[in-house]
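# Breakdown of the fold
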Amino acid sequence: MADAPVPAKPPTATPAGVNTAWHALTPAQSLARLGAGEDGLSDLEVRERAGRFGPNLARVPKRESWLEEFGESFTEPLQLLLVAVAVLSFLFGEVIDGLAIVAVIMLAAAVETSTEMRAQRSVEALHEMTAPTARVLRDGAGRTIPAAEVVPGDVLLLEAGDIVPADARVLTASALTSAEASLTGEPGSVPKAAEPVDEGAPLAGRASVVHAGCVVTGGAGTAVVFGTGAGTQVGKVAALTAGQREPVTPLQLGMARVAKLVLVFAVVVSVGVPLLGWVLGQPVKEMVLTALSMAFATVPEELPVLVTILLAVGGRALAGRGALLRRLSVGEAIGSVTTLLTDKTGTLTRNELTVTAVDGDTADVLATALAAQGAGTGSDVQGCEPLELAVAARATELPVSSPLAVAAATVVGVWPFDQAARMRGTAWRTPDGREVLAVAGAPEAVLAACTPEDQQRWGGRVADALAGGHRTIGYATGEHKGRDQQPDDDVVDEALPAVGLRMVGLVTFTDPVRDGVPDAVTELHDAGIATIVVTGDHPSAGRAVAHAAGLPDGPTLTGGQALAARTDDDLAGDLVHGTVVGRCTPADKLRLVRLLQDRGQVVAVTGDGVNDAPALSAADVGIAMGQRGTQMARDAAGLVLTDDAYPTVAAAVEKGRSIFSQLRRGVSFYLGAKLALVTAMVAAVLAGLPVPYAPVQIVLLELFMDVGASLAFVSEPAAPAAMRQPPRPRNASLVDGAFTTATVLVGLTLGTAATVGYLASSAVGASTGQARCAALVVWLVGHVAVAWSLRARPALGWGENPFFPLWAGAATVVALVAAFTPAAAWVRAEPLAAAQMPFVVGAVAGCALLAWLGRPVLGTGTDL
């Protein structure tokens, strides 16, 4: 290649590569477009370009601090109302009650802040992928510089083991290969060459370009940088990922509606009941204090905390099955998934190429394969390419014998892989003086270099192998008549003399499907979930893996321009169970997710590469591989499989369905308990008595009905038929007839029992402290009985969910302590008198009986 002159001033074209098909330009054209030379840039040019294009880093958005997020939580209506209640409590001298309310406010704010602090770290993951240093040519001399200082026009010096610091056009290549699976989905190493490729080539087919974040796996070469920072392919993916927002889940929509309804109810009750009491002759101050207690009892300030606890406990159960929740809402959303878009390489497959078929004499084919890569036997493999290692591993299993598999054979010529010829070769001199050329390459290219007889004999077999969709390499041998390689030669300069060869055979490599994948695909389909394979690899390769995974034959589509030419309405009909989309770009995957969501689907996406990150981020449920996945994929996902086991997806779906079911029961119980508090308070005001619960007592009660009940309900095991039911529709309401009925029955049952205990105690001459203790005891024991009846399976063994009996036992113990010890004073109550006991026991027994009789509605008879 002739040296290109270095211009006196930087180029006017945008080196970031916008609308420029760098892979289709020649090296000379690329250098000219960038205003660079083969000897690299001068220091003056570097400074000018660094000022114009900035550092080779992605832009990281500014994050709000924890303190800022914490402050914002106090601007919400529920929190403001509670702040007002606390202030008024202090003003009226109710210091203990005021402190109790402040504690609840701070707890709710802390939980909400920790939830909201989940940040989009996908862009930051770019820094972990990129190289810390880069080797470049500056003024004709090699230098090692920080990767952040690389600018467009720099000439990179690449060799095996390097992480490419920026997108660059290959200038020279000597057996240069790069691993790009995380970006393109192409398994194994990809050969790189200086020759331009077609302008319409997909990302995986751009052999003349190396990409930032990819590892050089073999050979050496030089390349001129055209894209840095956000202008690289991985930078564009990061920007696309950062621009996505997690969809609102059905649970979040339902909880928002519930919170608004309960807030309106709380305001009406907090104002209306004290006003009614004042009209009936109650003192003004007493009614103001009643208003404060009513507000504290009815405002659903714990609802966000309750949901967070329920999801967090469910998330812990998921973690025990190999699925780590990064977003709590995903724990519920995964139970609603209707369509699963799964990546191929590294997700369905192991990302480990192995020899699965040999067409021809196995020993002869493997011996030729070893010879072509420069190895005389299976134990002295010189290359480190995955395909070479796979061949070597297979060769060690068989007694391979060949004139080349002899230690005395010597190499006399080496031809690295040529992108244009699509072949590589090695010439050997055997002990008897013969020189043999061993060739490996694309089957159709190798066959074209063989004799006409072999072309006729092998033509159909080569065509069948290519149609199978797997990676296939052809091997041939022939007589070598070239010059001897000199001792200091690394590579023979002339073109590979591949003419009149003898076709030896074909080796087919596959990336095996992971253990358990077919069973998981079947289980998900039985649960009403469609699986679609989306991959950056060739469509036929995707179809072959889909077949091995047990998916039915469906539409096979091609991404890129072919997919872009189709309208959404036209494309939607092809997105069914078993569809395969090959050559799928990150933008294509994102489009598929949005298209399905717009049509009412709840979409999950699995993946492990950079190219999966935008779709992982936009999906209702993004699922990343934890062990093999890239950092960007893990940060974009809401769920990470710590064991990289695809069957864990099915287990997570099953647990997600259980989480939603038990969460509905927990929220229904919580709202019913709130209604019970209101019922008892309203009855007391109408009877001309003080409210039965002070704020500090309400805090104690809510510890049991919030935290305790949450742990008890969400720890329930999944129903046996959970994975044989269709997914819950996206627009399914959290509040339906069954939910409302159960909530009202819980409130009336528990509220009636507490009211009876309180009013009866007051009627027999008990003090206010003793009457409040009676209401407290009845409520604590009675709410356990009601919750037990609300279980889907009340007779479930204690060992299957120990939290339920532990919670029930704790509530009962606290009730007994308050009833019979001076510790009752800690919650502004007094121990029970003997005259109260029959009424308290009767109220508890009546509550338990009503709850048991209501089981057909409260428990197994409803779809909660």
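Residues numbered from 1 in each chain as written. Predicted model: local features only at pLDDT ≥ 70, side-chain atom pairs only at ≥ 80, totals over all residues. Heavy atoms only, no water.

### Let's talk about the overall build of the chain
The criterion, for reference: Helix and strand labels come from DSSP, where a helix needs a run of H or I of at least four residues and a strand needs a run of E of at least two; each type is numbered from the N terminus. Between buried and exposed lies partly exposed: a residue is buried under 20% and exposed over 50% of the maximum accessible area for its type, with that area taken using a 1.4 Å probe on protein chains only. Should any heavy atoms of two residues lie within 4.5 Å, those residues are considered in contact. Where accessible areas are quoted, they stem from the Shrake-Rupley method and a 1.4 Å probe; at the residue level, only the protein chains shown are allowed to cover.
When helices and strands are tallied, the chain shows 31 helices and 21 strands. Counting every position in the chain, which comprises 864 residues, the buried fraction comes to 55%. Of the contacts formed within the chain by residues at least 6 apart in sequence, a portion of 75% connects residues at least 24 apart. Taken as a whole, the chain presents about 33,400 Å² of accessible surface, with 61% of it coming from carbon and sulfur.

### A word on the sheet that holds strand β11 (residues 410-418)
Basically, it comes down to this: DSSP bridges decide pairing: two strands pair if at least two such bridges lie between them. Whenever a helix is involved, its axis is fitted only over the stretch in contact; in every case the axis is a line through C-alpha atoms, and angles between N-to-C directions fall within 0 to 180 degrees.
An order of β10-β15-β14-β13-β12-β11 is seen for the 6 strands of this open sheet, with the pairing classed as antiparallel. Every other strand in the sheet has two partners, leaving β10 (354-359) and β11 as the edge strands with one partner each. Pairs of neighbouring strands in the sheet enclose a mean axial angle of 20°, with direction left out of account. Strands β10, β12 (423-429), β13 (435-441), β14 (471-479) and β15 (502-510) of the sheet are contacted by helix α14 (residues 362-372), whose axis makes an angle of about 85° with β15. Running at roughly 5° to β15, helix α17 (residues 452-467) makes contact with β10, β14 and β15 of the sheet.

### Some remarks on unusual backbone geometry
The phi torsion at Asp139 lies on the positive side, around 55°, for a residue other than glycine. Mapped onto the fold, Asp139 is located in the loop between β1 (133-138) and β2 (141-146). The backbone of Asp644 shows a phi angle near 55°, a positive value even though the residue is not glycine. With respect to the element layout, Asp644 can be found in the loop between β21 (639-641) and α25 (647-686).

### Points about the nonpolar core
Quick note on the threshold: Here, the term nonpolar core denotes a set of buried Ala, Val, Leu, Ile, Met, Phe, Trp, Tyr and Cys residues that are joined through side-chain atoms within 4.5 Å.
Formed by 67 residues in total, the largest nonpolar core has its most connected members in Phe669, Tyr693, Trp779 and Trp807. For this core, the secondary structure elements donating two or more residues are α9 (250-279), α25, α26 (695-714), α27 (737-763), α28 (768-790), α29 (803-820) and α30 (837-853). Take this core: its biggest share by element is 14 residues, from α25. Not counting the four nearest positions on each side in its chain, Trp779 is found in contact with Ala673, Ala676, Leu677, Tyr693, Leu701, Met705, Leu750 and Ala754. Ranked by size, the runner-up nonpolar core spans 36 residues in total, among them Ala323, Leu348, Ala549 and Met723.

### Notes on the side chain of Thr426
Mapped onto the elements of the fold, Thr426 is located in strand β12. Residues within four places of Thr426 in sequence aside, it is in contact with Ala371, Ala372, Gln373, Gly374, Val411, Gly413, Val414, Trp415, Val436, Leu437 and Ala438.

### A look at the side chain of Ser208
Note the cut-off: Two N or O atoms form a polar contact when they lie within 3.5 Å of each other; inside protein one atom must be a possible hydrogen donor and the other a possible acceptor, and for residues adjacent in sequence the pair counts only when both atoms belong to side chains.
If you trace the backbone, Ser208 turns up in the loop between β5 (189-191) and β6 (209-210). At 2.9 Å, the side chain of Ser208 and the backbone oxygen of His23 are in polar contact. Beyond its immediate sequence surroundings of up to four residues, Ser208 is in contact with His23, Ala168, Arg169, Val170, Ala193, Glu195, Pro196 and Val197.

### Section: the packing of α27 against α30
The test is simple: To sort the angles, those under 35 degrees are grouped as roughly parallel, those over 145 as roughly antiparallel, those from 65 to 115 as roughly perpendicular, and the leftovers as oblique. Residues are grouped as follows: nonpolar covers Ala, Val, Leu, Ile, Met, Phe, Trp, Tyr, Cys and Pro; charged covers Asp, Glu, Lys and Arg; every other residue, Gly included, is treated as polar.
Interhelical geometry of α27 versus α30 gives an angle of 170° and a closest axis separation of 9 Å. With respect to each other, α27 and α30 are oriented roughly antiparallel. Between α27 and α30, the contacting residues are Thr749, Leu750, Ala753, Val756, Gly757 and Ala760 on the first element and Phe839, Ala843, Cys847, Leu850 and Ala851 on the second. Taken together, the residues that form the contact of α27 with α30 break down as 9 nonpolar, 2 polar and no charged.

### Considerations on the packing of α27 against α28
Basically, it comes down to this: Crossings are assigned a handedness: left-handed for a near helix turned anticlockwise from the far helix by less than a right angle, right-handed for a clockwise turn.
Contact geometry for α27 and α28: axes closest at 8 Å, N-to-C directions at 155°. One finds that α27 runs roughly antiparallel with respect to α28. By crossing handedness, the relation of α27 to α28 is classed as right-handed. Of the residues in α28, those in contact with Ala742, Val746, Thr749, Leu750, Ala753, Ala754, Gly757, Tyr758, Ser761 and Ser762 of α27 are Ala771, Arg772, Ala774, Ala775, Val778, Trp779, Gly782, His783, Val786 and Leu790. A per-class count over the contact of α27 with α28 returns 13 nonpolar, 6 polar and 1 charged.

### What about the pairing of β1?
As paired strands, β1 and β2 are joined by 6 bridges and run antiparallel to one another. Residue pairing for β2: Leu137 is matched across the bridge by Gly142. In sequence, β1 turns back onto β2 through a hairpin of 2 residues, with Asp139 there showing a positive phi of about 55°. Bridge analysis of β1 against strand β3 (residues 155-159) gives 2 bridges, and the strand direction is antiparallel. What sits directly across from Val136, in β3, is Leu156.

### Quick notes on the sheet that holds strand β17 (residues 556-558)
Pairing is mixed in the open sheet, where 8 strands are placed in the order β8-β21-β20-β19-β9-β16-β18-β17. Two strands close off the open sheet at either side, each with one partner strand: β8 (323-325) and β17. Across the sheet, the mean angle from the axis of one strand to that of its neighbour is 20°, orientation sign disregarded. Where strand β16 (residues 530-534) and strand β18 (residues 580-582) come together, 2 bridges link them in parallel fashion. Note that in β18 the partner of Val534 across the bridge is Val581.

### Some remarks on α14
Across the 11 residues that make up α14, a large majority, 8, are buried. Those residues of α14 that fall on the buried side of the exposure criterion are Val365, Leu366, Ala367, Thr368, Ala369, Leu370, Ala371 and Ala372. Looking one or two residues beyond α14, the residue adopting positive phi is Gly374, at roughly 95°.

### Examining helix α22 (residues 586-598)
Put simply, the rule reads: By definition here, a helix of n residues has an expected span of 1.5 Å times n minus one.
Between its first and last C-alpha atoms α22 spans 19 Å; for 13 residues at 1.5 Å apiece the expected length is 18 Å, and the two agree. When α22 is considered as a whole, its buried residues turn out to be Pro586, Asp588, Lys589, Leu590, Leu592, Val593, Leu595, Leu596 and Gln597. Following α22 by one or two positions, Gly600 adopts a phi angle in the positive range, close to 85°.

### Considering the pairing of β3
The element β3 is largely enclosed, with a buried count of 4 among its 5 residues. Bridge analysis of β3 against strand β7 (residues 215-227) gives 5 bridges, and the strand direction is antiparallel. Residue pairing in the sheet places Leu157 in a bridge with Thr222 of β7.

### As for the confidence of the model for the chain
Quick reminder of the rule: pLDDT expresses, on a scale from 0 to 100, how confident the predictor is about each individual residue.
Mean pLDDT over the chain stands at 80; residues scoring 70 or higher make up 81%. Note that residues 1-14 has pLDDT below 50 and, in this model, 25 contacts with residues that lie over four places away or in other chains. Scored below 50 in pLDDT, residues 118-131 makes 40 contacts in the model with residues more than four places away or belonging to other chains.

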